[in-house]
2 protein chains.
Amino acid sequence: MPIQKPRTLSGFMELLPQKQVLFDAMVEKLRRTYSLYGFSPLDTPVIEASEILLTKSGGETEKQIYRFTKGDSDLSLRFDLTVPLAKYVALHYNDLAFPFRRFQIGKVYRGERAQRGRFREFYQADIDVIGDGALDILNDAEMPAIIYRAFTSLGLDRFVIRVNNRKILSGFYAIIEEEDKAPEIMRLVDKVEKIGLEKVGLMLVDDLNISEDTVGEIVEFMAIKGSNQEVLTALEEYRGRNEAFDQGLDELKTVCRYLVDFGVPETHFAIDLSIARGLDYYTGTVYETRLLDYPEIGSPCSGGRYDNLAAYYTEKQLPGVGISIGLTRLFYVLDEQGLLNPDALTAPAEVLVLPMTDDLAPAVTLATQLREGGIPTHLYHESKKFKQKLSYADKLGVPFVALLGEDELAQGKVALKDMSSGEQLLLPAEEAVRHIHTALAARRSAPPIQEKNYV
Amino acid sequence: MPIQKPRTLSGFMELLPQKQVLFDAMVEKLRRTYSLYGFSPLDTPVIEASEILLTKSGGETEKQIYRFTKGDSDLSLRFDLTVPLAKYVALHYNDLAFPFRRFQIGKVYRGERAQRGRFREFYQADIDVIGDGALDILNDAEMPAIIYRAFTSLGLDRFVIRVNNRKILSGFYAIIEEEDKAPEIMRLVDKVEKIGLEKVGLMLVDDLNISEDTVGEIVEFMAIKGSNQEVLTALEEYRGRNEAFDQGLDELKTVCRYLVDFGVPETHFAIDLSIARGLDYYTGTVYETRLLDYPEIGSPCSGGRYDNLAAYYTEKQLPGVGISIGLTRLFYVLDEQGLLNPDALTAPAEVLVLPMTDDLAPAVTLATQLREGGIPTHLYHESKKFKQKLSYADKLGVPFVALLGEDELAQGKVALKDMSSGEQLLLPAEEAVRHIHTALAARRSAPPIQEKNYV
């Protein structure tokens, strides 16, 4: 029979076991964080009817989507977790309690051009709070706390959550009477970080035909920087000239006001008036996240407030606020940067039990005792030389090997070898359990990511 | 804009939040069990190149598979986790340590005829141990222990793991000189439970043209019942007449021998000579599981030993043994039977914090304290009447509500209301944390399934 050369499609992440453990640890940290904030898990199908997924999309989505027929059905793979959420909330409206808080961590599909670090199948880790008719601004204020705790639980500390409010932007453009050009202006302003404020100012004049005076006002507005308090004070100068602006400013102040009570240090939060996050979806608070040492990767966690989640499926008004972490890309970049934590336990087991007697019963019993003691245990019995068995343990990276020969059995003990120090202890099984729990406590709780120390 | 009526495709399970919590709890229990036995997590793409997935398949798979083109690529959705494992092991052979023990819990796709309780998208929860060239029989002996612990961790106790060995069957058919008809015979014998041994005997004569003497031998063989020891003793009578039979019997004896040491009670394990599990894949030990009160649902966990995992992708000989749990169907059936545990915590949070003052800072601080104390907390602040807020708490099923008004604040305490007893305690925040941990300890560790008591 001819051999079919095995391959995995490009743009699809497939990890080796040790990295998979770390990826799963990230997923688990996010699950725990989201649960701690009172979000219910949700799992929707990967496949939906095309007419359900494509109601709201324009050209780009249409091009990227995986769409196909099966029998008479026109089907598509989900390209995000938001559209399925909208469908879910509209479909199950009567069975849900509002505000409905859900998290979903799952794979989505986009047939993008294959490119290093770009994925066609990738995990998103989303949370959203959906209100029925109305949704209190306190939910917007809580989001930075969730981002903060989620990122720190992964092992990240050098990041800043950047927040803005779309009403402040639209209000400002109304004040300077440039509402019509606001989308184009925002698109240019979005380039400030890349090309600088001065160049953006020139382009506003040349490309958009905006008067120099007005450009001056835009530049002045965009130049508002400083501590959160300083920015808010500067924004107060514009109050009273536009209703949307005033409302946006009040919302932003509320978001900032409870930060500390929510446990977010001032160092990790910044108002940034240049953030707009797309043009038609978000209507209030918007969030981005920046890894300080890796600004080039963009925002690994973004989101915001929207007025109406499910207008395509229901006439109910369902406002919401949410954030999304692009987990596959984040993991890829952190791995590329060498930030996966070498202290984290990534072996399939914490102990490899090596029987050294013909009767395997004592080794089986030991493995069972270790497992009942809560220790992931791999019972290894293949006909190999002892040296090969130890090199298997090394290759797996198991921290301990438990040797059980006639001598140990005679004493009712086990020889427990610490694979990093080489130290070998002779202990009864129950003491071996305790010893392993103590020895590995720190490594077990090590976060999946470890930032480099740039001191 | 016209409203698109929301719907979820038939054959795709989509759960409401409280059931999703229980489904996820089952997944988590399986993850933990598999990890405890030294298996590494694996996550392969849902989409593979069609020529990779379809190498080994015949007509039925071909018909059911979701296959489509995207650009120039001929793609398919995986229909099980075994073929992707074979590809993975062949592709990453040089980076893996053998035996390679992996678990994978993920969705697979089969476009079956839509039918109640049949799913087109469903979770499989698989473990496999793959050897390089050889794999010790002790791995086969360990599998029942993993099934036993997995099922008991879910909350199931009334089940039996049934085991057989394909070599015993093929050896027996060689002994009675009916090797050629063995597949057809086994297909008929498989019906014993449904139609009885006598009817099967008649069909063997009529349909397969087997002599009555030989049918007598088959019936006698299949009638071997009793304790595991009794069955093994009866099988010894056939020893010495066929090499495969003798080898199969030795393997089966080894599997049985270490059962108790592996922690499997005799009550939950039975040799069953009628089990064959398909005709061309398994080559040695085979496993099925039977829920005693629901025999009609078939085997929710099955598997066995195979000689060569990845013959389509590599010339390496990679024998293995594995089991697979059909998780979506199992969950569906248990739910239908009313076995989801009503004691399990399924609310999105354990506490709902209700601020009763204009300044929200104390309520935000309390929510932060509760979360830092490890308690899933939902901070609820919508402009609703107090009664509506409590009915929201009821609808969510949160066990506790924390009320924070001027009185409580003045005393530096919180009013903690137990929603099931109605009891209300006035406690400082840190004591509230302790109280909740104590009160919910039992419910937190409640398994997702609770069998009915048929006393």
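### Describing the sheet that holds strand β8 (residues 269-271) of chain A
All names here are of chain A.
Phase 1 of the analysis: Here we have eight strands laid out as an open sheet, ordered β1-β5-β6-β11-β10-β9-β7-β8, and mixed in their pairing. Looking along the sheet, the strands with just one partner apiece sit at the ends: β1 (40-41) and β8.
Phase 2 of the analysis: Relative to strand β10 (residues 301-306), strand β9 (residues 285-291) is paired through two bridges, and the arrangement is antiparallel. Considered in β10, the bridge of Tyr-287 is made with Gly-303.
Phase 3 of the analysis: Lying over the sheet, helix α1 (residues 17-36) contacts β1, β5 (100-109), β6 (121-130) and β11 (320-326), oriented at roughly 160° with respect to β5.
Phase 4 of the analysis: Contacts between helix α5 (residues 138-154) and the sheet are confined to β5, β6, β7 (159-165), β8, β9, β10 and β11, with β9 contributing the most and set at about 15° to the helix.

### Section: helix α11 (residues 228-236) of chain B
All names here are of chain B.
Phase 1 of the analysis: Turning to α11, its buried residues are Asn-228, Val-231, Leu-232 and Leu-235. One side of α11 holds all its buried residues, which, seen down the axis, span an arc of 100°.
Phase 2 of the analysis: For α11, the secondary structure elements touched by its buried residues are α6 (166-175), α10 (212-222), α12 (243-257) and β8 (269-271).

### Considerations on the sheet that holds strand β3 (residues 67-70) of chain A
In a beta sheet, neighbouring strands are held together by backbone hydrogen bonds and run either parallel or antiparallel to one another.
Residue and element names in this part refer to chain A.
Phase 1 of the analysis: What the three strands build is an open sheet, ordered β2-β4-β3; its pairing is antiparallel. Among the strands making up the open sheet, the edge pair consists of β2 (47-49) and β3. Averaged over all neighbouring strand pairs, the angle between strand axes comes to 40°, with direction disregarded.
Phase 2 of the analysis: The sheet contact formed by β2 and strand β4 (residues 73-77) spans three bridges and is antiparallel. Bridge pairing links Ala-49 to Leu-75 in β4.

### Remarks on the interface of chain A and chain B
Phase 1 of the analysis: Counting residues at the interface gives 104 residues for chain A and 104 residues for chain B.
Phase 2 of the analysis: Considering only the surface of chain A that becomes buried against chain B, A:Gln4, A:Glu14 and A:Arg371 emerge as the three largest contributors, covering 8% of it.
Phase 3 of the analysis: For the interface between chain A and chain B, the tally reads 52 residue pairs in polar contact (both at pLDDT 80 or more).
Phase 4 of the analysis: Ranked by residues supplied to the side of chain A that touches chain B, first place goes to α1(A) with nine residues.
Phase 5 of the analysis: Among the residues forming the side of chain A that touches chain B, the class breakdown is 55 nonpolar, 21 polar and 28 charged.

Reading the values: rules and limits
- Residues numbered from 1 in each chain as written.
- Chains lettered and ligands numbered in written order.
- Predicted model: local features only at pLDDT ≥ 70, side-chain atom pairs only at ≥ 80, totals over all residues.
- Heavy atoms only, no water.
- Pairing = 2+ DSSP bridges.
- Helix = DSSP H or I, 4+ residues; strand = E, 2+ residues; numbered from the N terminus.
- Contact = heavy atoms within 4.5 Å.
- Axes fitted to C-alpha atoms, helices over the stretch in contact; angles between N-to-C directions.
- Buried < 20%, exposed > 50% of the residue type's maximum accessible area, 1.4 Å probe, protein only.
- Arc of directions from axis to C-beta.
- Buried area = accessible area lost by both parts, 1.4 Å probe.
- Polar contact = N/O pair within 3.5 Å; in protein donor to acceptor, adjacent residues only side chain to side chain.
- Nonpolar A, V, L, I, M, F, W, Y, C, P; charged D, E, K, R; others polar.

This is a description of form; function is not addressed.
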